[in-house]
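This is what each chain is made of:
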Amino acid sequence: MKPVITSVIDIDATPQAVWDVLTDFASYGEWSTFTNAEGTARVGSRLTMKMPGMTFRPMVTVAAPGRELRWEGKIGVKQVFHGRHSFILTANPDGTTRFTNHEEFSGVLVTLIGPLLPTPKNDGYATFNNGLKQRVEGRTERRTQ
């Protein structure tokens, strides 16, 4: 069984407003206590992601503005360690956005480092989602005042 982490939050803003903050990688350090990022949300581009204890360079595989951002990273070849991360933005009927932060891990290293992988209790993904929510909603409030 592949380890999977999913964290979902509703954000009081449009999917495009959420996308604008999500893909502004240069600003992550201003609101995210979980990760810093560099790069461009463009299919085929490499990002530089810095998380506690690691830096990695995933490749963007999907960049659909206002809908989905996905990247994949690996250590060695896919069979050793592979992570597939996606952010799904879904418009809710009430004008808010359902933000789903999802990651799947696979490869032989997963068995060895499984205990070091995030769990629902210490995943950082919920922390990231909350930081994103605060940033997006703070920007939206400033624009409507």
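Before reading further, recall that the structure is shown in the block above.
A brief structural summary. Keep in mind that this is a model prediction, so the values were computed, not measured.

What follows deals with the overall build of the protein. Along its length, the protein carries four helices and eight strands. The buried share among the 145 residues of the protein stands at 42%. Accessible surface computed for the protein: about 8200 Å², of which carbon and sulfur atoms make up 54%.

Let us look at the pattern of salt bridges. This model, assessed by the stated rule, comprises six salt bridges. A salt bridge links Arg98 to Asp10, with the shortest nitrogen-to-oxygen separation between them at 2.6 Å. Of this pair, Arg98 sits in strand 8 (residues 97-106) while Asp10 sits in strand 1 (residues 4-11), placing them 88 residues apart in sequence. Ionic pairing is found between Arg84 and Glu72, a salt bridge with its closest N-O pair at 3.2 Å. Here Arg84, found in strand 7 (residues 81-91), pairs with Glu72, found in strand 6 (residues 68-75); they are twelve residues apart in sequence, far enough to count as distant.

To continue, consider the packing of aromatic side chains. Between two aromatic rings, the relevant description is the distance of the centres plus the angle of the planes. Tallied over the full model, the rule gives seven aromatic pairs. Note on Trp31 and Phe128: the rings are 5.1 Å apart at their centroids and 55° apart in plane angle, and the pair reads as tilted. One end of the pair, Trp31, is in helix 2 (residues 28-31); the other, Phe128, is in helix 4 (residues 125-144), with 97 residues separating them in the sequence. Judged on exposure class, the residue Trp31 and its partner Phe128 are both buried.

With antiparallel pairing, three strands are arranged side by side in an open sheet as 2-3-4. A single partner strand is all that each edge strand has here, and the edge strands are strand 2 (36-38) and strand 4 (54-56). Sheet twist, expressed as the average angle between the axes of neighbouring strands with direction ignored, equals 10°.

Once that is clear, we can look at the environment of Val136. Counting through the fold element by element, Val136 comes out in helix 4. Of the residues examined, Val136 reaches a relative accessible area of 1% and is grouped as buried. Spatially, the C-alpha atoms of Val136 and Val18 are 6.0 Å apart, while their sequence positions differ by 118 residues. For Val136, the residues in contact, after removing those within four places along its chain, are Ile11, Ala13, Ala17, Val18 and Val21.

Here we take up empty space enclosed by the protein. In total, this model carries one cavity of 30 Å³ or more according to the counting rule given. If you go around the largest cavity, you meet 13 residues; those closest to its centre are Phe34, Met49, Met51, Trp71 and His85. When residues of the lining of the largest cavity are traced back to their parent elements, those giving at least two are strand 3 (48-51), strand 7, strand 8 and helix 4. Considered class by class, the residues forming the lining of the largest cavity number nine nonpolar, three polar and one charged.

Let us now look at the pairing of strand 8. Burial runs high along strand 8: seven of the ten residues are buried. Two elements, strand 1 and strand 8, share eight bridges in a ladder whose sense is antiparallel. Across the sheet, residue Asp10 finds its bridge partner in strand 8, namely Arg98.

Turning to the environment of Pro15, a few remarks are in order. Relative to the assigned elements, Pro15 resides in helix 1 (residues 15-22). On the basis of relative accessible area, Pro15 is assigned to the buried category, the value being 17%. Along the backbone, Pro15 and Leu89 are 74 residues apart, and their C-alpha atoms lie at a distance of 5.8 Å.

What counts as what
Residues numbered from 1 in each chain as written. Predicted model: local features only at pLDDT ≥ 70, side-chain atom pairs only at ≥ 80, totals over all residues. Heavy atoms only, no water. Helix = DSSP H or I, 4+ residues; strand = E, 2+ residues; numbered from the N terminus. Buried < 20%, exposed > 50% of the residue type's maximum accessible area, 1.4 Å probe, protein only. Areas by Shrake-Rupley, 256 points an atom, 1.4 Å probe, with all protein chains shown as cover. Salt bridge = Lys/Arg side-chain N within 4 Å of Asp/Glu carboxyl O. Phe/Tyr/Trp six-rings, centres within 6.5 Å; stacked < 30°, edge-to-face > 60°. Pairing = 2+ DSSP bridges. Axes fitted to C-alpha atoms, helices over the stretch in contact; angles between N-to-C directions. Contact = heavy atoms within 4.5 Å. 1 Å grid on protein atoms, 1.4 Å probe; cavity = no way out; pocket = protein on both sides within 12 Å on 5 of 7 lines; lining within 4 Å. Points joined across faces, edges and corners; volume = space filled by probe spheres on them. Nonpolar A, V, L, I, M, F, W, Y, C, P; charged D, E, K, R; others polar.

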